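Examining the three-dimensional arrangement
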Amino acid sequence: MSYQALYRKWRPQTFEDVKGQEHIVKTLKNQIRLERVGHAYLFCGTRGTGKTSVAKIFAKAVNCEHPVDGSPCGKCAMCEAIQKQSSMNVIEIDAASNNGVDNIREIRGEVEYSPTEGRYKVYIIDEVHMLSIGAFNALLKTLEEPPEYVIFILATTEAHKIPVTILSRCQRYDFRRITVDTITDRLTELVQAEGLNVEDKALRYIGRAADGSMRDALSLLDQCVAFYLDERLTYEHVLDILGAVDTGVFSRLLRAVMAQDTTGALKLMEDVVIQGRELGQFVTDFTWYLRNLMLVQSSEGMEDILDMSSENLEALKEEAAEIKQAVLMRYIRIFSELTNQIRYSTQKRVLIELAIVKLCKPQMENNYESILNRLAILEDRLEKGIALAPARTSGRLAVEAADEEEEEVASLPPAQAQDVKAVLDQWGKITSDLGASLMIMLKPAMVSAGPDNQIILGFREDMNKAYFEEESHKAIVEKTISEHIGKTIRIVSRLLEGGRAEEALFINPNKIRLDNVEFIDEDI
Ligand SMILES: [Zn+2]
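Remember, predicted model here, so these are calculated numbers, not experimental data.

Overview of the packing of helix α10 (residues 214–227) against helix α11 (residues 235–242)
Interhelical geometry of α10 versus α11 gives an angle of 110 degrees and a closest axis separation of 10 Å. The angle between α10 and α11 places the two elements in the roughly perpendicular class. On α11, the residues that touch Leu-220, Gln-223, Cys-224 and Phe-227 of α10 are His-237, Val-238, Ile-241 and Leu-242. Of the residues assigned to the contact of α10 with α11, the class counts are six nonpolar, two polar and no charged.

If you want it as structure tokens, here you go:
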């Protein structure tokens, strides 16, 4: 038995077969029923959404001898002739290869003659945005005064390239991307009709990979079925053919990234490259994987929205429980940006590797999300009991450095300057005893002495100051500092808004002990 491509065989022949464009189909059927057909239509939308299919059905319907409720009967001579592509009434032109003035002039010549059979001559001009300016002008003349037996259907994926003069003469219809559900349903339907043996999960994956295009979905299915003609087509087969990776890889990649194991993550990436997987698809799929994790985190009962089996869902739930939402959102942002960057890049692999390194090292970024990510890592380490600060808080170094700042310290009252010095001396130990969040938030603080045995912490950012000032946080800081310097001490905070003059009264503990700071920047 010869194999006929599903895409050809299952091309919609009636309006009812067109999936996902109900709004357009309904309007067109009404026009036919009420005999209020227009003379120029513009069908816009991404590829594979049914523009030319609808155009052909429409051409059949307007010529049909016995239309049923606006749909072509499919049985009359006109319907059959159009179906067999032997009718002179339907003229298809691909503007991508016939974009000159002469091509359009030719049409204008033909338009003069009324149809010998049927009611309408229908010109379907595909990829109409490819026409030259001259050709558009020639077309415009015809559109201005079309003979009553002529209908133009212009189809395009790029409506913004059509001159306004043309647009204003057309009824415009925007074809929607088709949802994964609609595509999968259609695939299921035709797989059953064809008696093909295909795993549901495989169909679902094809439905998603088609990215809103029914035509792509059918040709993907064609490819897969042709490859495994007498076997059951499984999800694994589909992954093989499409050059996609199994979600297991995503899970391992995510775990490597969360553990900040840059080497492990890049190694995984290399495996994907060696397997010859399509890198653009890899990025899209990983982004979906992260999105699914986010959905699972966000609420219960996501089974219907997620495209997966119950056992995969369980695995996903376990994974989701281990990752903080803020961290996940940062990952999703980085990978969504990557999707756009790599689309036209010849350096896909390098860009992906760069993004993976970024995921592993939130300290490379300075935005709010990456700070939250760093906090999450710190908290995780604390839970696991991994030391945060290196043991070597070199007293010698601290004293030395404090000496460098002597001028400023000297300007403070002597007794209090001692307190400040003691705090500065032990700043590394103090902050590492504070807990991860306070440690991060206090890191940018500057230190100075105030009246009545007070220590002043100066902050440049309101966010850090506010965090410190929360009653419980402040109590922890005061208690910790007191324990370290062996003295009860009050801490107040101030927002540093007075510029350099004000800052000169403060000492930056981070500048003094570069050792500790370096640790924070490199490892967390
Ligand atoms: Zn008919």
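Describing the nonpolar core
Counting residues in hydrophobic clusters, the biggest one holds 61 residues, and the most contacted among them are Leu-253, Val-257 and Val-447. The two domains that each donate at least three residues to this core are domain 3 (247–380) and domain 4 (395–523). Discounting residues that sit within four places of it in the chain, Leu-253 has contacts with Ala-265, Leu-268 and Phe-286.

A look at helix α3 (residues 51–63)
For α3, with 13 residues, the first-to-last C-alpha span of 19 Å sits near the 18 Å given by 1.5 Å per residue. As for α3, its buried residues are in contact with α2 (22–33), β1 (40–44), α4 (77–83), β2 (90–94), β3 (121–126) and β4 (150–156).

Things to note about the sheet that holds β3
Here we have five strands laid out as an open sheet, ordered β2-β3-β4-β1-β5, and parallel in their pairing. Either end of the sheet is taken by a strand with one partner, and the two such strands are β2 and β5 (171–174). Averaged over all adjacent pairs, the angle separating strand axes in this sheet is 15 degrees, with direction ignored.

Notes on the environment of Glu-497
Following the sequence through the fold, Glu-497 ends up in the loop between β8 (490–495) and α26 (499–503). With 9 C-beta atoms packed within 10 Å, Glu-497 lands in the exposed category. Residues Glu-497 and Arg-460, 37 residues apart in the sequence, show an inter-C-alpha distance of 7.1 Å.

Looking at the packing of helix α24 (residues 462–469) against helix α25 (residues 471–485)
Where α24 contacts α25, the two axes come as close as 5 Å, and the packing angle between them is 80 degrees. As the angle between them shows, α24 and α25 are arranged roughly perpendicular. Listed contacts from α25 to Tyr-467, Phe-468 and Glu-469 of α24 are His-473, Lys-474 and Val-477. Of the residues that constitute the contact of α24 with α25, the class distribution is three nonpolar, one polar and two charged.

Comments concerning helix α6 (residues 133–144)
Here α6 spans 16 Å end to end across 12 residues, near enough to the 16 Å set by a 1.5 Å rise per residue. Those residues of α6 not exposed but buried are Ala-135, Phe-136, Ala-138, Leu-139 and Thr-142. On an axial view of α6, the arc spanned by its buried residues comes to 160 degrees, and they lie on one face. Turned more than 90 degrees off the buried face of α6, the exposed positions are Ile-133, Lys-141 and Glu-144. Those residues of α6 hidden inside the fold are in contact with α5 (101–111) and α7 (164–167).

Let's talk about the environment of Gly-118
On the secondary structure map, Gly-118 appears in the loop between α5 and β3. Apart from residues no more than four positions distant in its own chain, Gly-118 is found in contact with Asn-63, Met-78 and Asn-89.

Concerning the sheet that holds strand β6 (residues 446–450)
Strands sit in the order β6-β7-β8 across an open sheet of three strands; the sheet is mixed. Sheet topology places β6 and β8 at the edges, where each strand pairs with a single neighbour. Direction aside, neighbouring strands of the sheet carry axes that sit 30 degrees apart on average. As paired elements, β6 and strand β7 (residues 454–459) share five bridges and run antiparallel to each other. Note on β7: the bridge partner recorded for Ser-448 is Ile-456. Its contacts with the sheet put α24 on β7 and β8, and the angle it makes with β8 is roughly 155 degrees. Sheet contacts for α25: β7 and β8; angle to β8, the most-contacted strand, approximately 125 degrees.

Focus: unusual backbone geometry
Located in the positive-phi region is Glu-127, a residue other than glycine, with phi close to 50 degrees. Along the chain, the position of Glu-127 falls in the loop between β3 and α6.

As for the pairing of β7
Each regular strand shows side chains that alternate between the opposite faces of the sheet. Pairing analysis gives six bridges linking β7 to β8, with the strands arranged parallel. Bridge pairing links Ile-456 to Val-492 in β8.

Some details on the environment of Asn-508
Position of Asn-508 relative to the elements: it lies in the loop between α26 and α27 (509–512). Residues Asn-508 and Leu-457, spaced 51 residues apart in sequence, show a C-alpha to C-alpha distance of 9.9 Å.

As for the confidence of the model for the protein
Close inspection of predicted coordinates is inappropriate for parts of the model with low pLDDT. Of the residues in the protein, 87% have a pLDDT of 70 or more, and the chain-wide mean is 82. In the model, residues 389–415 has pLDDT below 50 throughout and makes 36 contacts with residues more than four positions away in sequence or in other chains. Segment residues 513–524 is flagged for pLDDT under 50; beyond a separation of four residues in sequence, or across chains, it makes 20 contacts in the model.

Rules of the game
- Residues numbered from 1 in each chain as written.
- Predicted model: local features only at pLDDT ≥ 70, side-chain atom pairs only at ≥ 80, totals over all residues.
- Axes fitted to C-alpha atoms, helices over the stretch in contact; angles between N-to-C directions.
- Helix = DSSP H or I, 4+ residues; strand = E, 2+ residues; numbered from the N terminus.
- Parallel < 35°, antiparallel > 145°, perpendicular 65-115°, else oblique.
- Contact = placed C-beta atoms within 7 Å.
- Nonpolar A, V, L, I, M, F, W, Y, C, P; charged D, E, K, R; others polar.
- Core = buried A, V, L, I, M, F, W, Y, C linked by C-beta atoms within 7 Å.
- Buried ≥ 20, exposed ≤ 12 C-beta atoms within 10 Å, placed from the backbone.
- Domains from an automatic or database assignment.
- Expected span 1.5 Å × (residues − 1).
- Pairing = 2+ DSSP bridges.
- Arc of directions from axis to C-beta.
- pLDDT = per-residue confidence, 0-100.

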